[in-house]
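# Notes for the structure review
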Amino acid sequence: DVKVTQSSRYLVKRTGEKVFLECVQDMDHENMFWYRQDPGLGLRLIYFSYDVKMKEKGDIPEGYSVSREKKERFSLILESASTNQTSMYLCASSPPFGSVTQYFGPGTRLTVL
Amino acid sequence: SQKIEQNSEALNIQEGKTATLTCNYTNYSPAYLQWYRQDPGRGPVFLLLIRENEKEKRKERLKVTFDTTLKQSLFHITASQPADSATYLCALDVTSGTYKYIFGTGTRLKVLA
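Cut-offs and rules
Residues numbered from 1 in each chain as written. Chains lettered and ligands numbered in written order. Predicted model: local features only at pLDDT ≥ 70, side-chain atom pairs only at ≥ 80, totals over all residues. Heavy atoms only, no water. Disulfide = S-S within 2.5 Å. Helix = DSSP H or I, 4+ residues; strand = E, 2+ residues; numbered from the N terminus. Buried < 20%, exposed > 50% of the residue type's maximum accessible area, 1.4 Å probe, protein only. Salt bridge = Lys/Arg side-chain N within 4 Å of Asp/Glu carboxyl O.

Overall, the coordinates contain two disulfides over all chains when judged by the stated rule. Covalent S-S linkage joins A:Cys23 and A:Cys91, the inter-sulfur distance amounting to 1.9 Å. Negative torsions about the S-S bond denote left-handed disulfides, and the value of about -75° found for A:Cys23 with A:Cys91 makes this one left-handed. Here A:Cys23 is found in strand S3 (residues 19–25), whereas its partner A:Cys91 is found in strand S9 (residues 87–94), with 68 residues between them in sequence. Each member of the pair, A:Cys23 as well as A:Cys91, is classed as buried. The disulfide partner of B:Cys23 is B:Cys90, and the gap between their sulfur atoms is 2.0 Å. Because the torsion about its S-S bond is 65°, the bridge between B:Cys23 and B:Cys90 counts as right-handed. Of this pair, B:Cys23 sits in strand S3 (residues 19–26) while B:Cys90 sits in strand S9 (residues 86–93), placing them 67 residues apart in sequence. As far as burial versus exposure is concerned, B:Cys23 and B:Cys90 are alike and both buried.

Okay, structure coming up:
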């Protein structure tokens, strides 16, 4: 079974702090994704990566950056956390495009105070 | 504008009945459509994928239909059980050159014992 793990289930940070969310997958997938999920808005793509050191912006990249130094690890960085970044953050991975399924991690509930 | 709609209100049904969830979209021509299940505080889990040239797909008690003329997918759970209670998300793959996945906001299903 594919396993996608995220570094924290719950996280509480202060406004202005730098926040790192880590995601690791064990299936050698090329693609990795970061989404945020908010009530009534569904999943919105922040960034995705289709290879090591490659990244592309999704629909809502403002205020976020990403890093993919190794194939299995994809990090989401909030340079200066703000209260409107309080959300559920979901990482996913998938094989190359061709509409195969995405495998999601358990999510990180981030609260910015 | 482009959008994807799922019943925003919760669907309550009696155990043993068939649950039918709807996913409607406008202004997309998806090659594929997927359905995911999401439990509270968890990441989505893939259930079924249906291609644009397929009318129907089945997996155990689950059935998905895809009508590209009506721009609609129906998701059925037959002989529903309380354990089927969850939020169900549809997702369109409209990748064309660059990655593009659109998720609906989900429909919450509650199966009453």
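Glancing now at the pattern of salt bridges. Inspection of every chain in the model, using the stated rule, returns twelve salt bridges over all chains. For A:Arg36, the salt bridge identified is with A:Asp38, shortest N-O distance 2.9 Å. Across this residue pair, the class does not change: A:Arg36 and A:Asp38 are buried. The salt bridge involving B:Asp39 is made with B:Arg37; its shortest N-O contact spans 3.0 Å. Overall, the relative accessible area of 28% leaves B:Asp39 in the partly exposed class. Take B:Arg37: its relative accessible area is 18%, and that puts it in the buried class. A cluster of three or more residues bridged by salt bridges with shared partners is formed by A:Asp28, A:Glu30 and A:Lys71.

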